[in-house]
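Below are the chains, spelled out letter by letter.
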Amino acid sequence: MTTTCKCAAEIKVFLNHLYEYRKGVRNMVLYTMPVQYLDFVEQRLQKQSIDYCIQPINSDRINLFFGRPECIAAIRHMTRRPLNELTPEEDFILGAMLGYDICGQCRRYCERRRTAAGRQAFPERCVV
């Protein structure tokens, strides 16, 4: 017999992230989600004693970070402004903490540094 969950897709995504965290696939998760599910998400994280940090984006959406206590402590220091306003260095650190491809993060860092310096970005080479 097959059972189906009538959960919203956003909740299913959250539950998958939670599963991956609990299984050790990731140390930290960033999930951008509708604010309407915040109560459910907070209850679930608190029940499982998982550290988290919420960053409002607008009246409808939030960035939810959850994971290892040391990761969330670092995030609390970094997320005092919108993520698109992070320095290239902060953006690099965040991507590395989230487990993104490190070579991709290096390319992104170089591109953001070049853009910040007012130079044209060259995606294939990192020339400073």
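Asker: Tell me what's going on with the layout of surface pockets, and back it up with residues and numbers.
Answerer: Where empty space is left can be seen by rolling a probe of water-molecule size over the atoms. The space that makes up the largest pocket amounts to roughly 160 Å³. Around the largest pocket, the lining residues are Leu-30, Leu-83, Asn-84, Leu-86, Asp-91, Leu-94, Gly-95, Leu-98, Tyr-100, Gln-105, Arg-108 and Arg-112. Going through the elements one at a time, α4 (88–97) and α5 (102–116) are the ones with two or more residues in the lining of the largest pocket. Grouping the constituent residues of the lining of the largest pocket by class yields six nonpolar, three polar and three charged.

Asker: Any chance you could break down the packing of helix α1 (residues 9–22) against helix α2 (residues 38–47) for me, citing the residues and the numbers?
Answerer: Their axes nearest at 11 Å, the elements α1 and α2 cross at an angle of 20 degrees. Judged on the interaxial angle alone, α2 and α1 are roughly parallel. By crossing handedness, the relation of α1 to α2 is classed as right-handed. Residues Ile-11, Phe-14, Leu-15 and Leu-18 of α1 touch α2, and the partners they reach there are Phe-40, Val-41, Arg-44 and Leu-45. Taken together, the residues of the contact of α1 with α2 break down into seven nonpolar, no polar and one charged.

Asker: Got a sec to walk through the packing of helix α3 (residues 69–78) against α4? Specific residues and values, please.
Answerer: For the pair α3 and α4, interaxial distance at closest approach is 12 Å and the crossing angle is 155 degrees. Relative to α4, α3 is oriented roughly antiparallel. The two elements α3 and α4 meet at a crossing, and its hand is left-handed. On α4, the residues touching Cys-71, Ala-74, Ile-75 and Met-78 of α3 are Glu-90, Ile-93, Leu-94 and Met-97. Here the contact of α3 with α4 is built from residues that sort into seven nonpolar, no polar and one charged.

The rules behind the values
- Residues numbered from 1 in each chain as written.
- Predicted model: local features only at pLDDT ≥ 70, side-chain atom pairs only at ≥ 80, totals over all residues.
- Heavy atoms only, no water.
- 1 Å grid on protein atoms, 1.4 Å probe; cavity = no way out; pocket = protein on both sides within 12 Å on 5 of 7 lines; lining within 4 Å.
- Points joined across faces, edges and corners; volume = space filled by probe spheres on them.
- Helix = DSSP H or I, 4+ residues; strand = E, 2+ residues; numbered from the N terminus.
- Nonpolar A, V, L, I, M, F, W, Y, C, P; charged D, E, K, R; others polar.
- Axes fitted to C-alpha atoms, helices over the stretch in contact; angles between N-to-C directions.
- Parallel < 35°, antiparallel > 145°, perpendicular 65-115°, else oblique.
- Left-handed = near helix turned anticlockwise from the far one by under 90°.
- Contact = heavy atoms within 4.5 Å.

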